Amino acid sequence: MSEFNTYLKTQNDIDAVNAISAFLALNDMPQADSASVDLVIHAGNAILETAHAACEAAREANCHLLFSGGIGHSTTLLVETVRSENLLPEIYLKDRSEAEIFGTLASEVWSFPKEKLVLETRSTNCGENASFTKLLLSELGLEPCSTILFQDPAMQLRTFVTFQKVWQEASCATVFYSCPTFVPRLEIRDGIVTYAAELPSRLWSSERFLSLIMGEIPRLRDDENGYGPCGRGFIPHVEIPSEIETAYQHVHGLLKNHEKAKNRALA
């Protein structure tokens with residue numbers, strides 16, 4: 001039986017998780033013919049489909065593709081996934097940053113032109129993804145006017161507003177578009193709570209997924225403990241709808257009685 005079944009028992013439980021997930025997976029992509037794109041940025045994570053989608057978007061726009069990510073929390077998971085799929089030789093995985101791994105995948109597996117790749121290999125969190133990327137682009141003399149952001153869908157909203165915040169004092173006025181690749185969704189199939197059938201394979205474990213989405217809401221809040229202007233000031237004010245706060249409290253109540261989830265999903 002799915003590990004999700006340990007925590008989620010009813011359709012209301014699943015609906016609450018799906019509501020949070022959909023809120024976090026911000027999609028504000030313009031119509032295909034309404035905006036040109038001169039840069040695609042992929043922030044490091046362990047979901048291969050997000051990087052592949054970023055490659056395809058940059059290929060379609062005929063623009064540079066920037067991978068941002070050093071060695072951080074997701075690196076081990078990314079390496080495990082690439083190994084399990086036998087996508088790259090070990091020499092390209094050992095002690096390599098997420099940006100280097102994705103850059104190699106892009107050029108060697110997905111046939112993306114190397115001359116259009118840019119690698120930012122130092123960042124270990126969302127804020128550094130934005131600030132180090134901005135610095136690198138400045139050093140390279142690149143001033144994108146229109147940029148698509150790709151990230152783990154559970155972190156898409158926070159990545160989007162973080163880049164907006166960091167770019168406020170940039171020399172060029174960059175418009176960011178948020179593309180989550182897909183929206184994570186759970187469903188019940190044959191009595192088992194699992195990811196929806198149309199979603200990609202190689203997704204998060206149940207604990208990691210719940211940990212990610214439950215960790216995002218407190219960070220997005222604009223209070224003394226959050227990342228907004230009233231807290232740490234990492235992001236601009238984000239309006240969290242009341243129904244999302246209600247869903248968060250519902251899931252929080254489900255997880256707090258499970259010892260295995262306390263230290264991760266409720267951290």
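Residues numbered from 1 in each chain as written. Predicted model: local features only at pLDDT ≥ 70, side-chain atom pairs only at ≥ 80, totals over all residues. Heavy atoms only, no water.

Participant: Quick rundown of the pattern of salt bridges? Include the residues and the values.
Facilitator: Counting across every chain of the model gives 10 salt bridges. The salt bridge involving Glu 216 is made with Arg 158; its shortest N-O contact spans 2.7 Å. Residue Glu 216 is located in helix α8 (residues 206-220), and its partner Arg 158 is located in helix α7 (residues 156-166); the two are separated by 58 residues in the primary sequence. Look at Glu 216 and you get buried, because its relative accessible area is 2%. According to the relative accessible area criterion, Arg 158 is buried, its value standing at 9%. Of the charged contacts in the structure, one is a salt bridge between Glu 187 and Arg 189, with a shortest N-O distance of 2.6 Å. According to the relative accessible area criterion, Glu 187 is buried, its value standing at 18%. (Salt bridge = Lys/Arg side-chain N within 4 Å of Asp/Glu carboxyl O. Helix = DSSP H or I, 4+ residues; strand = E, 2+ residues; numbered from the N terminus. Buried < 20%, exposed > 50% of the residue type's maximum accessible area, 1.4 Å probe, protein only.)

Participant: Pulling in residues and values, what's your account of unusual backbone geometry?
Facilitator: Of note in this structure, Asn 62 is not a glycine but carries a positive phi near 55°. In this structure, Asn 62 sits in the loop between α3 (48-61) and β2 (64-68). In this model, Thr 181 sits at a positive phi of 70°, which is unusual for a non-glycine residue. Residue position: Thr 181 is located in the loop between β5 (175-178) and β6 (186-189).

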